[in-house]
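Descriptive analysis of the structure
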Amino acid sequence: MEIEDRIELSERGHGTLEKKRDGLIMEFMDILDKAQDVRGDLADDYEDAQKKINMARAMEGDVAVRGAAAALQEHPEITTESKNIMGVVVPQIESSRVSKSLDERGYGIMGTSARIDEAAEAYEDLLESIILAAEVETAMKKMLREIETTKRRVNALEFKLLPELYDSQEYIEQKLEEQEREETFRLKKIKEKKEAEEAEEKRKAAEEGDGEAADESQEELDDVQPDTAAQSPTGN
C-alpha cells in the first residue's frame, strides 16, 4: 500500500512537472522571439549611434562632443521589480530620464549643432534598447535554467524513481501471490487431514458399534440356550 501511494504521488508529480516543462518551453519560445527582435534592434541602434557620434566628432570636434556630454545634469534612473512566469521570478526593469528634450540635456542650444543633438538622441535610443535587452536576456536565462531543472526532475521520475517503484510493486505482488498459493496449499492439507481424521473416527465408531451389536447377539443366544435345554425330552 505504501508503494502504491508513492507511485500515485510520483505519477501525479510527473504529470504536473511535464505540464510545467511544456508551459515553460512555450513561454521561453515567446521570450526567445522577443530577444531576437531586441538583439536586432540593439545592433541597429548601436550602429546608428556610432555613425552619428563619429559624424559629430568629425564636424564639431572631440572637445565639443565631450563638453556636451559633461553638461548632462540628470542621469538616467533604473528600477527593478519582479514578475512571475510559470513559477519563475524574472526581473522587470523600468527606466526613467533616458530620453530627454533639448533643454533637459544641459548644454546650450546655441553652442552646439544638430549633429550633437542627433548623436545624443541616438545614444538615448541605444540606452533604451540596452535596458530592454538586459531584461529580456535575464528572463531568458532564468527560464532556460528552470526548464533544464524541470527536465532533470521529469527524467528522474520517468527513468529512475517510477521504474524502481514499479519493480518493487511487481516484486511485492509476486511475493503476495506466492504466499497466497502457499496458504491455499496449507489450508488444503489441513482440510484433507481433518477429513481423514473424521473418516477414521467414523470408522472406529462403526467398528465399536458392530462389536457392541455382536456382544448383544451373543448374550441373547446365551439366554436362549438354557430354555431350550429345559424343554428337551431328556429333561422330561
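This structure is a prediction, so every number in the text was calculated from the model and none was measured. (Residues numbered from 1 in each chain as written. Predicted model: local features only at pLDDT ≥ 70, side-chain atom pairs only at ≥ 80, totals over all residues. Heavy atoms only, no water.)

Moving on: the side chain of Glu124. Within the fold, Glu124 resides in helix α3 (residues 114-230). By relative accessible area, which is 11% here, Glu124 ends up buried. Ignoring any residue separated from it by four or fewer positions in sequence, one finds Glu124 in contact with Val98, Ser99, Lys100 and Arg105. (Helix = DSSP H or I, 4+ residues; strand = E, 2+ residues; numbered from the N terminus. Buried < 20%, exposed > 50% of the residue type's maximum accessible area, 1.4 Å probe, protein only. Contact = heavy atoms within 4.5 Å.)

Another aspect to go through is helix α1 (residues 2-60). An ideal rise of 1.5 Å per residue puts 87 Å on 59 residues; α1 measures up with 81 Å between its terminal C-alpha atoms. Just beyond α1, the residue with positive phi is Gly61, at close to 100°. (Expected span 1.5 Å × (residues − 1).)

Backbone geometry at Met86 places phi at a positive 55°, although glycine is not the residue there. With respect to the element layout, Met86 can be found in the loop between β1 (77-85) and β2 (88-96). You can call Met86 partly exposed: its relative accessible area is 37%.

Across the interface, α1 lies against helix α2 (residues 62-70) with an axial gap of 6 Å and an inter-helix angle of 120°. Considering the angle they form, α1 stands oblique to α2. Contacts between α1 and α2 pair Ile53, Ala56, Arg57 and Glu60 from the former with Asp62, Ala64 and Val65 from the latter. Its residues assigned to classes, the contact of α1 with α2 shows four nonpolar, no polar and three charged. (Axes fitted to C-alpha atoms, helices over the stretch in contact; angles between N-to-C directions. Parallel < 35°, antiparallel > 145°, perpendicular 65-115°, else oblique. Nonpolar A, V, L, I, M, F, W, Y, C, P; charged D, E, K, R; others polar.)

With that settled, the discussion passes to the confidence of the model for the chain. Averaged over every residue, the pLDDT of the chain is 83; the share at 70 or more is 85%. Looking over the chain, one finds the lowest element-wise mean pLDDT in α2, namely 81, and the highest in α1, namely 91. (pLDDT = per-residue confidence, 0-100.)

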